[in-house]
Amino acid sequence: MGEDYTQIYVDGQWILPNSELLYTIRGAADEVVGSVPDCNETDVKSAIDASEKAFNSWFLTKKNDRLRYLTEINDAATNLLEAKFPYKSSRLKGLKPSAITIIGTPNQSIEEIMELAGPAMVKGFTITINPSNVAYLDAFKLAKIVNQSKLPPGVFNVISGALARDFIDFKYPTLSYVAKSKRAKAVDPNKGRPILNVKAFHNRIAYTEAAAFIKKGHGNPLSPSDVWETPEEFTSDYVWKMFEPHWQLEKSKPKPSLLKAVLRTLGPRWSFAIMFQAIFAVLSFANPIVLPYLIEYIQDPSQPLYIGFVYVAIIVVCGYIGSFMYYKGLYMSATVGLQLRILCIQLVYRKILVLGSTRSANSGQIVNLVANDAQFMADTIMPFTSGLVAPFQVAIAIGLLAIHIGPYCLIALAVVVVMFSVSFKLGQRFKGYRFAIQKFADQRLKLTNELIQGIRIVKFYAWETPFLNNILKARVVELNQVRKLGILRAVLILINSNTNTFIVALIFVFYAIVGKNQLTPPIAFAVLALMNVIKQPFFLLSFTVTLFQQYNVTIGRIMDFVMKPEVNSNRSLAKEVEISTFNLNPNNVVTIQQADFSWSNDPESLTLARVILEAGKGTLTCVVGAVGSGKSTLALAILGEVPMIRGYRDLKASAVSYVAQEAWIFNATLKENILYGLPYDSEKYHQVLHAAALGPDLQQLPDGDRTEIGERGINLSGGQKQRVSIARALYSDNEVFVMDDPFSAVDSHVGKHLFEEAVQKYLKGKTVILITNQLQNIPFANQVAIIKAGQLEDLGNYQDLMQRSETLQAMMKDFGAIEIKKKTPATDTRSKFKPAKSKVAIVIDRPKRDENKESGLVSWRIYQYYARSGKYSLLFVIVGCYSLFTTANVLSSWWLAEFTQGSYTNLGTGGFIGIYVMLTVVVAIFTFFSYFTFAFFSAEASRSLHEFIIKKVVRAPTGFFDVTPVGRIINRFAKELSSIDALLPIQMAQMFNSVFTILGVFAAIAFASPYLLLAVLVLIIFYLRFQVFYRHTSVELQRMEALSRAPIYSHLSETITGVATIRAYGKEDQFIRNISKKVDLNTSSLYGLRFCASWFGLVLDLAGGTLTLVVLLVIVLLRNYSPGSLQAGFAGIAITYLAGLTFILSNLNLQTVETETRMNSVERIKEYEKIPEELPYINESCRPPADWPTEGKLTFTDYSLAYRKSEKVLQNISCEISPKEKIGIVGRTGAGKSSLMIALFRMVEPCEGTIFIDGIDITSIGLFDLRSKLSIIPQEPTLFTGSVRYNLDPFNESNDKDIWTALEMVRLHNAISALPNKLDEIVSEGGGNFSVGERQLLCMARALLRK
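Residues numbered from 1 in each chain as written. Predicted model: local features only at pLDDT ≥ 70, side-chain atom pairs only at ≥ 80, totals over all residues. Heavy atoms only, no water.

A. Structural context of the pattern of salt bridges. Under the defined criterion, the tally for this structure stands at 44 salt bridges. Of the charged contacts, one joins E641 and R1063 as a salt bridge, the two residues approaching to 2.4 Å between their closest N and O atoms. One end of the pair, E641, is in the loop between α20 (631-639) and β10 (644-651); the other, R1063, is in helix α33 (residues 1010-1065), with 422 residues separating them in the sequence. Among the salt bridges present, the one from E1174 reaches R1267, with a minimum N-O distance of 2.9 Å. Of this pair, E1174 sits in the loop between α35 (1128-1166) and β18 (1194-1204) while R1267 sits in helix α37 (residues 1263-1267), and the two are 93 residues apart along the sequence. (Salt bridge = Lys/Arg side-chain N within 4 Å of Asp/Glu carboxyl O. Helix = DSSP H or I, 4+ residues; strand = E, 2+ residues; numbered from the N terminus.)

B. Spotlight on the packing of aromatic side chains. Under the defined criterion, the tally for this structure stands at 58 aromatic pairs. Of the aromatic side chains, those joined through ring pairs into one cluster are Y866, Y882, F885, Y931, F934, F937, F992 and F996. When the ring centre of Y680 is taken as reference, the NZ or CZ atom of K671 above it lies at 3.7 Å. Directly above the ring of Y676 sits R728, whose terminal nitrogen or CZ lies 5.1 Å from the centroid. (Phe/Tyr/Trp six-rings, centres within 6.5 Å; stacked < 30°, edge-to-face > 60°. Lys NZ or Arg CZ within 6 Å of the ring centre and 35° of its normal.)

C. Quick peek at a nonpolar patch on the surface. A contiguous nonpolar surface patch, about 590 Å² in accessible area, is contributed by Y306, F309, V310, I314, L1117 and Y1121. At the level of elements, α13 (305-354) and α34 (1068-1121) are the ones that each hand at least two residues to the nonpolar patch. Take the nonpolar patch: its biggest share by element is 4 residues, from α13. Mapped onto the elements, I314 comes out in helix α13. Note on I314: relative accessible area 37%, which makes it partly exposed. (Patch = residues over 30% accessible without salt bridge, like charges linked within 9 Å, V, L, I, M, F, W, Y side chains within 5 Å. Areas by Shrake-Rupley, 256 points an atom, 1.4 Å probe, with all protein chains shown as cover. Buried < 20%, exposed > 50% of the residue type's maximum accessible area, 1.4 Å probe, protein only.)

D. Focus on the environment of V316. Tracing the chain through its elements places V316 in helix α13. For the pair V316 and T1108, spaced 792 residues apart in sequence, the C-alpha to C-alpha distance is 7.0 Å.

E. Focus on the nonpolar core. Within the largest apolar cluster, 343 residues are counted, with the highest numbers of intra-cluster contacts made by F508, I674 and Y866. Take this core: its biggest share by element is 24 residues, from α13. Setting aside chain neighbours within four positions, we find I674 in contact with Y685, V688, L689, L694, V724, A727, R728 and Y731. Of all hydrophobic cores here, the second largest spans 18 residues; its members include V1306, I1312, L1319 and L1337. (Core = buried A, V, L, I, M, F, W, Y, C linked by side-chain atoms within 4.5 Å. Contact = heavy atoms within 4.5 Å.)

F. Here's a closer look at the environment of S1034. Mapped onto the elements of the fold, S1034 is located in helix α33. The buried category is assigned to S1034, whose relative accessible area is 2%. Along the sequence, S1034 and L1089 sit 55 residues apart, while their C-alpha atoms lie 6.3 Å from each other. With sequence-adjacent residues up to four places away left out, S1034 is seen in contact with L1089, V1153 and T1157.

G. Here's a closer look at unusual backbone geometry. Backbone torsion omega between W1188 and P1189 reads -5 degrees, so that peptide bond is classified as cis. As for its placement among the helices and strands, P1189 is situated in the loop between α35 and β18. Its identity as a non-glycine residue notwithstanding, N1212 has a phi of 50 degrees, on the positive side. Here N1212 is to be found in strand β19 (residues 1207-1217).

H. Spotlight on helix α41 (residues 1332-1345). Here α41 spans 20 Å end to end across 14 residues, near enough to the 20 Å set by a 1.5 Å rise per residue. Across the 14 residues that make up α41, a large majority, 10, are buried. Taken together, the buried positions of α41 are V1332, E1334, R1335, L1337, L1338, C1339, A1341, R1342, A1343 and L1345. Taken together, the buried residues of α41 touch α16 (455-460), α38 (1284-1288), α39 (1296-1305) and α40 (1309-1313). (Expected span 1.5 Å × (residues − 1).)

I. View of helix α14 (residues 363-405). For α14, with 43 residues, the first-to-last C-alpha span of 60 Å sits near the 63 Å given by 1.5 Å per residue. For α14, a buried count of 33 out of 43 residues is recorded, marking the element as mostly surrounded by other parts of the structure. Positive backbone phi, approximately 70 degrees, marks G406, located one or two places after α14.

Structure (structure tokens):
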């Protein structure tokens, strides 16, 4: 044995030692095997060329032959190496491989890799797999295969060197490090990240592990692999298992309550949060209780020094303990919010999977429930929890007031009762506005979703303007409600933020003027301190009432959705009939007897009537009928998707392979779309590819069957999507197949192949219900069912029906056979296509699985952008109002200090109190105007940002939609805009308020003592530096949360579209697991954000407590060692404001971080500035005549088109098409047929040459002038929400006569005239209330109307 070396298998190529030999042998195909043993350099080159065609044969080869191939390839390569490098000949003699390293690629699954390595393992080779390039490596599969292989210890190593950071994929997390173990261990792909021990005492109390994490985020940009794995108690499975029993109990009641089920599930944890908040509330009164005694201590120099230290100790210790309690309560309420959000998403998603009909809820509403309603409750649960304690705090404050001022405390009670009553009434209106906003947001999102889903037809028909106007009108109505809500919020803030100052003013008036009591500094500042303590509770009290009203709306919306009728999942069902009256054949797999079906579940509005259908095991039943007759409804009725009014339905199959008329493709690889969660079987898989005619397509796709397919199969042709759907059904190997016109989107020769290879051969012995318009196939069926006008007209074998059914005879006469007459081609030198120089596969850009993420802090340019969107003039007014109310507030405190010190005695008590009340009124007025102006500022910013992003999306080229998932775009219009509308204005207003309040505190403390101001400045510097330290991590976590949120919406949208297919295959559990993984990944970022925020807030509070300690010690020492330097009144101001300063500074930091977090939504909208735009819509300098084109002459001149710069899909086409000629364009899939249509409509601009229509270069005119003059009937029919008239003529350019004429031409006149509202009949979302055939005919009528 010579020296060992390693062979490397990369992307189907064997690479020899140190890459010294560049020759590779791909696949070792059958025709190469014979020559390999005596292989020379020429043979190797031939092997390389031949194996290009036969690569797939490698995986079809018997496993026992593969080791022989390895040996033969090695021998040939060794000989070749000796010939190439003779000077190394002595070292290579007898060289044999003892180790093989396999580097996987997207073209290989782990099963394929293991099949390849299997024979080598048996011979004792050491196998090493480097998964750094394996896009979809499944750790569980790998571990399972390795453990089952019973390899000796140490043989199998898994290395993951390059996995660390560069390969982060939200949808398919990769394998974690497993090194040199006796057995490979299963590693959860959702894990492999740091684990946070949430039950550790130090994390329960002080969240200490957040410090290291924040430090890491401050130094380097974070990636998802750095974030803690989601704790078990916040995973979807855990939360649902807690909730489900309570929900099932409620559903069994006559009037189920979602709120009760939620409270039973989350109530215990929430009660602890409330308890911690209550403890904090009690401890927060330490300052106002001790303050009068401390002021008396300052005034009385006879008291010993240690008494002052005791007072300081009480205030500081209570403050420290209160901080721990406060943030523990916030943390627990935040985690309750996370669980509530998870619960709502699970509830909504699971309801989608059993929803009786997706027509009963539009996609905009469903997305809004998840994006806004569930998120709203999670975001607001913390202040709501604090607000529940507010009445308790107010009660304690009034009790303490009674100690100081006696019966005058009733003034405070009266004001609280009045203000609360007013707030409650306003909260009712708040509820109404909130409900209206959600309703209009649903409508806007529905319109936006339809626009994005149908963007191609919108652009083909140049309908951007009417669609844009509809969305903008819906947005105006929505923002009117947002603005009213902002004004109402300003009134509520006026009431709540000034209630304490009103109480103080009234108490002073009645206590000092009416009661003629002396207002001493201890009493004055005790009252002031108590009112400052409950200032936040006053605000929260009203806010909680408002939130309670909004929660009612939100829970009501979710409840309305989850209580919608569900599909009847029983495979056997009888209604209003006696089964015994039917002569049932027990061998039948599908049985329908005397059944009536109705989409509306209304006996008076039947969709199918008196259906009788039986299908035995192994039979082929073809269903035929005219467009709109009810064929697709019958297919769905068999599956149980259509409500059965009466009759008997029986389906003897737990799962059915269903091929929908509109192929449903989900965002995954092509292979995953076919396997659909089933284990990979190589032989079976390749047989399915052959039967579904997908082999040639895999050669054209960039990564073969590992090509990532975009949402709705955006980067596949219509025929390819349908064949993938067929392949999925074939691979499932179920006993019953329901195929709804599966050949409609494929070429005739492909349809023939599919029928023969898939239906007749592969599905032989299976029960097949085939709905088809390909009448040439029905003679091969065991039985044929004829549907006519919603009834099953006849059922029997083909021969009998041809004898007795006039309907079938007419159909076969008109459409049953196509006679192809050969014509001698006319000599025509005008039209000549220049053939392409090389074969080119048409490839659309791959979908972007990972979204771009900014790093670092949110730039000041984003804040400027938001301010500019809201108008600088309004911002200046806001700043002015805040400045004035802060000045008045500080002056009122200074005036109170002067009064209690006995200054300005000539004004008298009445004069002093009058000025104090006047300053209080000024504060209230400017408080209102600041928030009032903010309502208009934020609404204007929201309007501007929405208008910007919707226009950018509408003007984006179609290539943008090819590579960008719909959920990612909708995320901007749902969650991000909702955050900008509702949450960002509140956070910014509170941040402004805190900033100006702190400036006021500076001034107030400066009045007391410059020394104290110095200490405060030190604290401010610490806070600012600490904030910067934290913000990096906070913003990164928020960005990751936003990025991981989009896949949830995409998956939601996919599920809504394909729910019938999911249910037919019985894949509900699989899709629940998928959404759970996505939600858990998103929750990990949200949880990390909450955990770090708790640590950050606690540290700030403790720092503030330390400042309080220092300042109080300074006051005590000044009182003792410098008695004349500090007056009691100003000391009272300092202590009162200092008590609030810590809270304000902590709030300011949290509000700043939260504002920056919300500003991330603005940043994500501004990102769409980078979207490329199509060329001008209208070119004013070159507009065609109004009647252009008059003839219709087309001339292609050296025209070339490329989707990518390096790949031309149309090459140097030159031809001329004369007016009124009818041209048929033929070619196999990927030849470029659709690209010619794209070229005519300039969906992609040419890279060379041009096209002339009636002598006008189409590249010289605007896109509107071009597209509005052309008509197209799309391969996939697209209808929009609105009337039939709107779908046919959105510009109102045609009269009713023209519209009816067009409908008559496509044979829809009778169908539309039979509708209750005729042309004004509403088309449901996606055209769901019309059959696919009727939709296609409506699209034809739409094209005919464009003259």
